[in-house]
Amino acid sequence: MLGRSRTGGFRPENLGQNAVSLIGSIGFSIFVIGVVVFTIIAATYEPEDPLFHPSDKITTFLSSNSNATLKSDDSVVKTGEDFMAANQTAFAGFINIADVETSENDSDANQLDCDSNVPIDCKDPEVFHLMMKATMEKFKDIHFYKFGKPVTVEGSSSCDMAWRYRPKDGKTAAFYKDYRRFVIAKSENCSVSVVGIGEYHSGVNARKRKRPGFRNSSGGKVDDFSLPVVGESVNDSLPVVESENAFKEGHYLVYSGGGDRCKSMNHFLWSFLCALGEAQYLNRTLVMDLSLCLSSVYTLSGQNEEGKDFRFYFDFEHLKEAASVLDQVQFWADWGKWYKKNGLKLHLVEDFRVTPMKLIDVKDTLIMRKFGTVEPDNYWYRVCEGETESVVQRPWHLLWKSRRLMEIVSAIASRLNWDYDAIHIERGDKARNKEVWPNLEKDTSPSSILSTLQDKIKQGRNLYIATNEPEVTFFNPLKDKYKTHLLDEFKDLWDESSEWYSETMKLNGGNPVDFDGYMRASVDTEVFLRGKKQIETFNDLTNDCRDGIGTCNVAAS
């Protein structure tokens, strides 16, 4: 009996079948354990938040297709035009001086019927060609793409003319516009010559003003917004809905509350573009708050400052023409007048985890996302995280820098004839913190800078110095070898007599606007970027890492 007490599974003839069953059980157990582990990881995993990445990784991110969250810092933000590839086809068709040469036969014909007392006719083709030729001979570092017809200056022998241009060595994808006053002389035999060309933007009669227009709720007018044109008059008046019927037919999205206010400009844009991206995904008009809170890191007072206008810093004209947006003050006024009468409905969303994909079928007139008081879950950009990241793309191409600020940049570069080199010198708190940046103060001293520049920039060149060093006399030793220029040399471009001052004051309800730290840094950076040669603090002047000891390899990865 004992010999028969073994179970059948251990009989020799069943060993193979038992082994297969055992292997299957083990495999299934491993599979179950793997599923459990994966589920736990998926439930608890929080992806690394690039909000805490160093600022140069922001640049890498922004120029890639990634849609992750970026670091909040006090640097000048990159906007849509920074990522435009320079269209060499568009820039190739510039005007050559041979194209505007006047023939001697035309001049001889004019002299046969000569009256030297007749006033200069600015519309005369000979005068027009003469002015174009004189312009191209004077500004040899510029490519010209279009000349406007000269305009007569009443009571003088002068003509105003505008042109569209781009520096020959320009790295940014943009056109520029200038308009200047030309003094024309006529000899006894009636031949004409240009005897003087005015300063930048002196030919005010040749500047065309844009007319403010209406905007309906379905979007902007069709136009080519592929490239910025710096120097055109700016029409950033607030868009309005043209009628009650147009308002009730529209569909809107508004973000309310949240913790994004008074954060850095990087943080603000990251959240704002999330909202704009969702509005475009839902085919709705974004109701936006044009009143910003400027972070204390940019203000002259060192305190957060409310009441800053979006239009001080960004190109609202481009935004309103290329996307469907409305100012919230105007929107809520219209909503208060018409929502009850027309039975308009509001769909309230109070959880950022409600994705845009779940709202695509909402038919109500207004979707309002309401954010709470607990950070970071009340940041607007949280809406664009997770599965939304691959669906809603931030429309960077819609956001450009303020053309009023870029006009200051253009004016500075023009005063230097677009023929200068530039150096960025970062000192300030970093130079004083030797534990994190041990060599920065020494490497950015005047003697060290001169030593570095001697093989990089020719002596006697115009050298623009972009810097956060408050003591401008610090750079006096560089004047022995270079024609140095710093931002405050050009402060007439934003002082009380400037066009920037008067236009921003109008936007600000008649109150003066400070040329604040963000504006200064933005202009300083953009002038630097337009230099023919550009010398950076990190990599060029010092071997210290931009974000401190041990971060160089991290920043490069």
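Residues numbered from 1 in each chain as written. Predicted model: local features only at pLDDT ≥ 70, side-chain atom pairs only at ≥ 80, totals over all residues. Heavy atoms only, no water.

Trainee: Can you tell me about the pairing of strand β15 (residues 462-467), naming the residues and giving the values?
Mentor: A regular strand carries its side chains on alternate faces of the sheet. Across the six residues of β15, six count as buried, placing the element largely inside the fold. Side chains Asn462, Tyr464 and Ala466 of β15 all project onto a buried face; the interleaved residues Leu463, Ile465 and Thr467 project onto the opposite face, where all are buried too. Direction of pairing for strand β14 (residues 421-425) relative to β15: parallel, over a ladder of five bridges. The partner of Asp421 across the bridge, within β15, is Leu463. The pairing of β15 with strand β16 (residues 483-485) spans three bridges and is classified as parallel. Its bridge partner lying in β16, Leu463 is registered against Thr484. (Buried < 20%, exposed > 50% of the residue type's maximum accessible area, 1.4 Å probe, protein only. Helix = DSSP H or I, 4+ residues; strand = E, 2+ residues; numbered from the N terminus. Pairing = 2+ DSSP bridges.)

Trainee: Explain the environment of Tyr501 to me, and be specific about the residues and the numbers.
Mentor: Turning to its location among the elements, Tyr501 is positioned in helix α15 (residues 499-507). By relative accessible area, which is 15% here, Tyr501 ends up buried. For the pair formed by Tyr501 and Pro512, sequence separation is eleven residues and the distance between their alpha carbons is 7.2 Å. When sequence neighbours within four positions are dropped, the list of residues in contact with Tyr501 reads Trp494, Asp495, Glu496 and Pro512. (Contact = heavy atoms within 4.5 Å.)

Trainee: Please provide a residue-by-residue account of a positive patch on the surface, values included.
Mentor: Residues Lys123, Lys146, Lys149 and Lys208 make up a contiguous surface patch of positive charge. Here Lys123 lies in the loop between α4 (104-112) and α5 (125-138). (Patch = residues over 30% accessible without salt bridge, like charges linked within 9 Å, V, L, I, M, F, W, Y side chains within 5 Å. Areas by Shrake-Rupley, 256 points an atom, 1.4 Å probe, with all protein chains shown as cover. Salt bridge = Lys/Arg side-chain N within 4 Å of Asp/Glu carboxyl O. Lys, Arg positive; Asp, Glu negative; His and termini not counted. Charge placed at Lys NZ, Arg CZ, Asp CG, Glu CD.)

Trainee: Got a sec to walk through the side chain of Thr484? Specific residues and values, please.
Mentor: Secondary-structure assignment places Thr484 in strand β16. Apart from the residues lying within four places of it in its own chain, the contact partners of Thr484 are Leu463, Ile465, Leu478, Lys479 and Glu489.

Trainee: Explain the state of the cysteines to me, and be specific about the residues and the numbers.
Mentor: All chains considered together, the criterion is met by four disulfides. Between the sulfur of Cys262 and that of Cys293 lies a disulfide, 1.9 Å long from S to S. Linking Cys262 and Cys293, the disulfide has an S-S dihedral of approximately 95 degrees and is accordingly described as right-handed. Here Cys262 is found in the loop between β7 (252-257) and α7 (265-281), whereas its partner Cys293 is found in strand β9 (residues 291-294), with 31 residues between them in sequence. Taking the relative accessible area as the measure of exposure, Cys262 reaches 21% and is therefore partly exposed. The buried category is assigned to Cys293, whose relative accessible area is 10%. (Disulfide = S-S within 2.5 Å.)

Trainee: Pulling in residues and values, what's your account of helix α14 (residues 446-453)?
Mentor: A large share of α14 lies buried, amounting to six of its eight residues. Restricting attention to buried positions, one finds in α14 the residues Pro446, Ser448, Ile449, Leu450, Thr452 and Leu453. On its buried face, α14 is in contact with β14, α13 (440-443), β15 and β17 (534-535).

Trainee: Tell me about the sheet that holds strand β8 (residues 285-288), and please be specific about residues and values.
Mentor: With parallel pairing, five strands are arranged side by side in an open sheet as β11-β8-β7-β13-β12. If you trace the sheet from one side to the other, it starts and ends with β11 (325-327) and β12 (346-349), each paired once. Adjacent strand axes in the sheet meet at a mean angle of 25 degrees when their direction is disregarded. Strand direction decides the pairing type here: β8 and β11, joined by three bridges, are parallel. (Axes fitted to C-alpha atoms, helices over the stretch in contact; angles between N-to-C directions.)

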